[in-house]
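Single-letter residue listing:
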Amino acid sequence: METKPFNDHSFYEFIGQQQLMGSKCEDCDTLYCPPRAFCPNCGGTNMAWHQFKGIGNLAAFTCITVCAPQMIALGYGRDNPYCVGVVHLEEGPKIDARILGVNAKKPETIKIGTKMNIQYLEAETENDTSFMGFSPVK
Amino acid sequence: MMSKRKKLGREVAIVGAGMSQFGLFPEKNSKDLFLEAFLEMRDSVDKGVDLKEVEALYLGNFTNDFFTHQAHWGPIISDIIGLAPRPATRTEGACASSALAFREGVFAIASGMYDMVLVGGVEQMSACSTEQVAEGLALGTMPYEALAGFTFPGIFGAVATAYFAAFGASREQLMGVTIKSHNNAPLNPKGQIPLTVRDLMNKKAASFKRKEMSVPSWSDERDFLRDPQVNPMVAWPMHLFDCCPISDGGSCLLLTAADMATQFTDKPLYVAGIGQGSGRGFHASPEITSFEATKYAAQEAYGMSGMSASDIQFAEVHDCFSIAEIIHTEDLGFFAPGQGGHAVNDNLTALDGIMPINTSGGLKCKGHPVGATGTAQMVELWKQLRYEAGERQIPQPDLQIGLAHNLGGTGGTCTVTILERR
């Protein structure tokens, strides 16, 4: 039985092991991804780990040309934009993630509602937290 | 959610208001900027005021810690304006920091503790590079957003893509906001960019000509805004002209218990309703095309005032990005979901429209020194409701009720304030 605490640290450790893990409130069945130790819905603390399938729909996205510092460090910039968005997971929760396998230079070609699945990336630097993303289901 | 009608313990009035020039002033620090606002506020008190009567200061500031490597701005500002050793409290709610200062001041008077307090805000951003400002502002995003790679404009870009898909909208609606704000801008002498989009277009053409480059033949303002050469992408679909500028500035208001207000002016404004809400970021928000914190704050403010959206005659709405103004005018109940963009393009929100929005030029043109913005929005309500707005005075004969909406971060903190002239 998994005994990790239900927090961000554990979430990213699981991502490193290529697992999208959240928590489920055993009292009211609400799902959280990333995990929470406290259920804002019912006030319970009776959580269990829940593995998400990593499948969902693209709910929102942007292609960024004026980049965040950690993304500039990875080589992104005005001529090399990256896509980031929100994926509405099949199980219910929404998750912020890099969007891969799309043409960030042609945002008009990216469609809301596109079915996506999770991709795990090698961390590019020690502080790189963007080593999980979603790409369109082929 | 059922909520009881919340009321203040006693009524609160505004008897003075001032703001500094907004713009880029690398030679001025936060003390200079706030003092400028303070002196204008002092001179705005019609019957004069002995400022030694001010009992406390509430000061909004977001990221001077990061931008200037100096925190603890409450007592610093209190000293500059001669309030020390009276209490000074700094409030932080990202870009809604001074609206929170305003609320604290209102509560301090409503509680009976104080009769007269100063509230305001200040921010000093231009000493940093654009990248540093972007990094500093990203401190105001919600958990997971910045980690995933979102920037501030990126968050609002993502909101816009969801809005476009939900309502069949496009950049054409966003451009309407930009053009409208810039139409009001030259009428505000305190604003940072006092130019219409057409002015900017003509300037750009002249600059191309000077550099002996070929001048594109833009047919109108929209054609100009569609040109990526002059309006480059920042974070799809947010382009440069969808984003407010980096600014320096300060603003403040003098509050008193309502029953004292006419000692200072025959034209006080009264706090009819205030509300504040908290948002949860994309990962936990019920909707992406709406800001739940704005809706909650509006419900509180409307509830307290006994008013509804249809009673509001004009508003300053937090337009950090063009899409934000559109969605907030819907969340505030001025327009139905999906109609905010059409309302702009139908000129309903123009200075002479039925619901003027951002007569000041908005954050887009007046400028957005983040910690100063909340109370600066109320400075605009002060000017409009007292018919002191000069060339940008709303051409309606009986303005009595205005609303200010301030958003912090990516929607984490929102406030709604309804001010009334009686």
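Let me sum up the structure you'll find in this document. If you're wondering where the values come from, they're calculated on a predicted model, not measured in any experiment.

### Brief notes about the nonpolar core
- Core analysis: the largest hydrophobic core is formed by 65 residues, its most contacted members being Phe34, Phe102, Leu118, Leu253, Leu254, Leu255 and Leu419 of chain B.
- For this core, the leading source of residues is helix 15 (residues 370–385) of chain B, giving seven residues.
- Ignoring anything within four residues of it in the chain, the contact list for phenylalanine 102 of chain B reads Ile14, Val119, Leu253, Leu255, Val271, Ile274, Thr375, Met378, Thr417 and Leu419 of chain B.
- One finds Val84 of chain A together with Ala94, Met125 and Val234 of chain B within the second-largest nonpolar core, a separate group that totals 53 residues.

### What about the environment of glycine 157 of chain B?
- Following the sequence through the fold, glycine 157 of chain B ends up in helix 7 (residues 152–167).
- Between the alpha carbons of glycine 157 of chain B and valine 234 of chain B there is a distance of 8.9 Å; along the sequence they are 77 residues apart.
- Once residues within four sequence positions are removed from consideration, glycine 157 of chain B is found in contact with Phe61 and Thr62 of chain A together with Ala235, Trp236, Pro237 and Met238 of chain B.

### Topic: the pairing of strand 2 (residues 56–60) of chain B
Residues and elements named next belong to chain B.
- The buried count for strand 2 comes to five of five residues, which makes it a mostly enclosed element.
- Judged from the five bridges that link them, strand 2 and strand 4 (residues 116–124) form a sheet pairing that is parallel. What sits directly across from tyrosine 58, in strand 4, is valine 119.
- Inspection of the sheet shows strand 2 paired to strand 3 (residues 88–91) by four bridges, in the parallel sense. Counterpart to leucine 59 in the pairing with strand 3 is arginine 90.

### Some remarks on helix 11 (residues 292–305) of chain B
Residue and element names in this part refer to chain B.
- Taking 1.5 Å per residue as the helical rise, helix 11 with its 14 residues ought to reach 20 Å, and the 20 Å between its terminal C-alpha atoms agrees with that figure.
- All of the buried residues in helix 11 are Ala293, Thr294, Ala297, Ala298, Glu300, Ala301, Tyr302, Met304 and Ser305.
- Contact partners of the buried residues in helix 11: helix 4 (97–110), strand 8 (269–278), helix 12 (322–331), strand 10 (401–408) and strand 11 (413–420).
- Note on helix 11: the residue one or two positions beyond its end, glycine 306, has a positive phi of about 70°.

### Structural notes on the sheet that holds strand 4 of chain B
All names here are of chain B.
- Taken in spatial order, the nine strands line up as 3-2-4-7-1-8-11-10-9 in an open sheet, and their pairing is mixed. Two strands lie at the open edges of the sheet, namely strand 3 and strand 9 (314–317), each paired on one side alone. Strand-to-strand twist across the sheet, computed as the mean angle between neighbouring axes with direction ignored, equals 25°.
- Sheet analysis places strand 9 next to strand 10, joined by four bridges and oriented parallel. Residue pairing across strands places glutamate 316 opposite alanine 404, the latter belonging to strand 10.
- Packed on one face of the sheet, helix 15 meets strand 1 (12–19), strand 2, strand 4, strand 7 (248–257), strand 8, strand 9, strand 10 and strand 11 and runs near 170° to strand 10.

Cut-offs and rules
Residues numbered from 1 in each chain as written. Chains lettered and ligands numbered in written order. Predicted model: local features only at pLDDT ≥ 70, side-chain atom pairs only at ≥ 80, totals over all residues. Heavy atoms only, no water. Core = buried A, V, L, I, M, F, W, Y, C linked by side-chain atoms within 4.5 Å. Buried < 20%, exposed > 50% of the residue type's maximum accessible area, 1.4 Å probe, protein only. Helix = DSSP H or I, 4+ residues; strand = E, 2+ residues; numbered from the N terminus. Contact = heavy atoms within 4.5 Å. Pairing = 2+ DSSP bridges. Expected span 1.5 Å × (residues − 1). Axes fitted to C-alpha atoms, helices over the stretch in contact; angles between N-to-C directions.

All quantities given are derived from atomic positions and should not be read as evidence of function.
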